[in-house]
Amino acid sequence: DGGITQSPKYLFRKEGQNVTLSCEQNLNHDAMYWYRQDPGQGLRLIYYSQIVNDFQKGDIAEGYSVSREKKESFPLTVTSAQKNPTAFYLCASSRQSSNQPQHFGDGTRLSIL
Amino acid sequence: GQQVMQIPQYQHVQEGEDFTTYCNSSTTLSNIQWYKQRPGGHPVFLIQLVKSGEVKKQKRLTFQFGEAKKNSSLHITATQTTDVGTYFCAVDTGNQFYFGTGTSLTVIP
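Notes on the structure in this doc start here. (Residues numbered from 1 in each chain as written. Chains lettered and ligands numbered in written order. Predicted model: local features only at pLDDT ≥ 70, side-chain atom pairs only at ≥ 80, totals over all residues. Heavy atoms only, no water.)

This model, assessed by the stated rule, comprises 14 aromatic pairs over all chains. Look at phenylalanine 19 of chain B and tyrosine 87 of chain B: their rings are 5.8 Å apart centre to centre, the planes differ by 45 degrees, and that puts the pair in the tilted class. Residue phenylalanine 19 of chain B is located in strand 3 (residues 19-25), and its partner tyrosine 87 of chain B is located in strand 9 (residues 85-92); the two are separated by 68 residues in the primary sequence. For tyrosine 87 of chain B, a relative accessible area of 1% translates into the label buried. The cationic tip of arginine 68 of chain A hangs over the ring face of phenylalanine 74 of chain A; the distance from NZ or CZ to the ring centre is 5.9 Å. Above the plane of the ring of phenylalanine 88 of chain A lies arginine 109 of chain A, whose end atom (NZ or CZ) is 4.3 Å from the centre. (Phe/Tyr/Trp six-rings, centres within 6.5 Å; stacked < 30°, edge-to-face > 60°. Helix = DSSP H or I, 4+ residues; strand = E, 2+ residues; numbered from the N terminus. Buried < 20%, exposed > 50% of the residue type's maximum accessible area, 1.4 Å probe, protein only. Lys NZ or Arg CZ within 6 Å of the ring centre and 35° of its normal.)

Structure follows, in structure tokens:
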């Protein structure tokens, strides 16, 4: 079955530590996205990529970094510069053209120790 | 960035009652999408509206795009416990998506 796989499901970070969240898709989608969701709130865009080796900042990119070396993969690193990283992180993908639905992974829940 | 306001934030209904959530924008939208997120789950695409005044139905769900393409609504007739979750509207600007804040629906059996 085609889909998006995020790992791990739960992640704990120590103060001052960088952590990387994995996102892999086998839908052959060009565009991939990372969102942050806080309790009772909507989704806020962190980074997005419309093509391999290219990515753009979303509304809340500070303290995060990404790479897009392969079409299938779009890992997100939460750096120590992100002072409030506790949240639910969702990865999504879509076809390149506009008016296409987004397909989401199951998410990674990040907590601070 | 694109501002998309969604109301209400929370809604509690008795099973069998109807439910409506509204999405509003200050600018004209090219399209609008609706997603449902079950508790503990991830958003799942429901539908996309593109045309002015467009109305689409999925069983008990009715989606509408305003004539001016600045607002949209999702109406559920005779809610069931399976309708529980948060409903989001989302706008595709061609470069990125902007999600509304969502309406959390609780259905009381």
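Moving on, there is more to tell.
Attention now goes to the state of the cysteines. What is meant by a disulfide is a covalent connection between two cysteines, made through their sulfur atoms. Residue and element names in this part refer to chain B. In total, this model carries two disulfides over all chains according to the counting rule given. Note on cysteine connectivity: cysteine 23 is disulfide-linked to cysteine 89, with sulfurs 1.9 Å apart. The sign of the S-S torsion, about 60 degrees, decides the handedness of the disulfide formed by cysteine 23 and cysteine 89: right-handed. Placement of the pair is cysteine 23 in strand 3 and cysteine 89 in strand 9, with a sequence separation of 66 residues. An identical accessibility class is assigned to cysteine 23 and cysteine 89; each is buried. (Disulfide = S-S within 2.5 Å.)

Our next topic: the interface of chain A and chain B. In this complex, chain A contributes 22 residues to the contact, which on the side of chain B involves 22 residues. Together, Leu43, Asn99 and Phe104 of chain A form the three largest contributors to the area buried by chain A at its contact with chain B, with a combined 28%. Taken together, the connections running from chain A to chain B amount to zero salt bridges. Taken together, the elements giving at least two residues each to the side of chain A that touches chain B come down to strand 4 (31-37), strand 5 (43-51) and strand 9 (87-94) of chain A. (Contact = heavy atoms within 4.5 Å. Buried area = accessible area lost by both parts, 1.4 Å probe. Salt bridge = Lys/Arg side-chain N within 4 Å of Asp/Glu carboxyl O.)

Moving on: the nonpolar core. Counting 21 residues, the largest nonpolar core has Ile32, Trp34 and Phe63 of chain B as its most contacted members. Broken down by secondary-structure element, the contributors of at least two residues to this core are strand 3, strand 4 (32-37), strand 5 (43-49), strand 7 (61-65), strand 8 (71-76), strand 9 and strand 11 (103-108) of chain B. Setting aside residues no more than four positions away along its own chain, isoleucine 32 of chain B makes contact with Cys23, Ile47, Gln48, Leu49, Phe65, Ser72, Cys89, Ala90 and Val91 of chain B. Ile4, Cys23, Met32 and Ile46 of chain A belong to the second largest nonpolar core, which has 20 residues in total. (Core = buried A, V, L, I, M, F, W, Y, C linked by side-chain atoms within 4.5 Å.)

Residue and element names in this part refer to chain A. One pass over the full model with this rule turns up five salt bridges over all chains. Note that lysine 71 and aspartate 30 form a salt bridge whose closest N and O atoms lie 3.5 Å from each other. With lysine 71 in the loop between strand 7 (64-66) and strand 8 (76-78) and aspartate 30 in the loop between strand 3 (19-25) and strand 4, this residue pair connects regions lying 41 residues apart in the sequence. You can call aspartate 30 partly exposed: its relative accessible area is 29%. Salt bridges sharing partners connect three or more residues here, namely Arg36, Asp38 and Arg44.

That is the geometry; function is a separate question.
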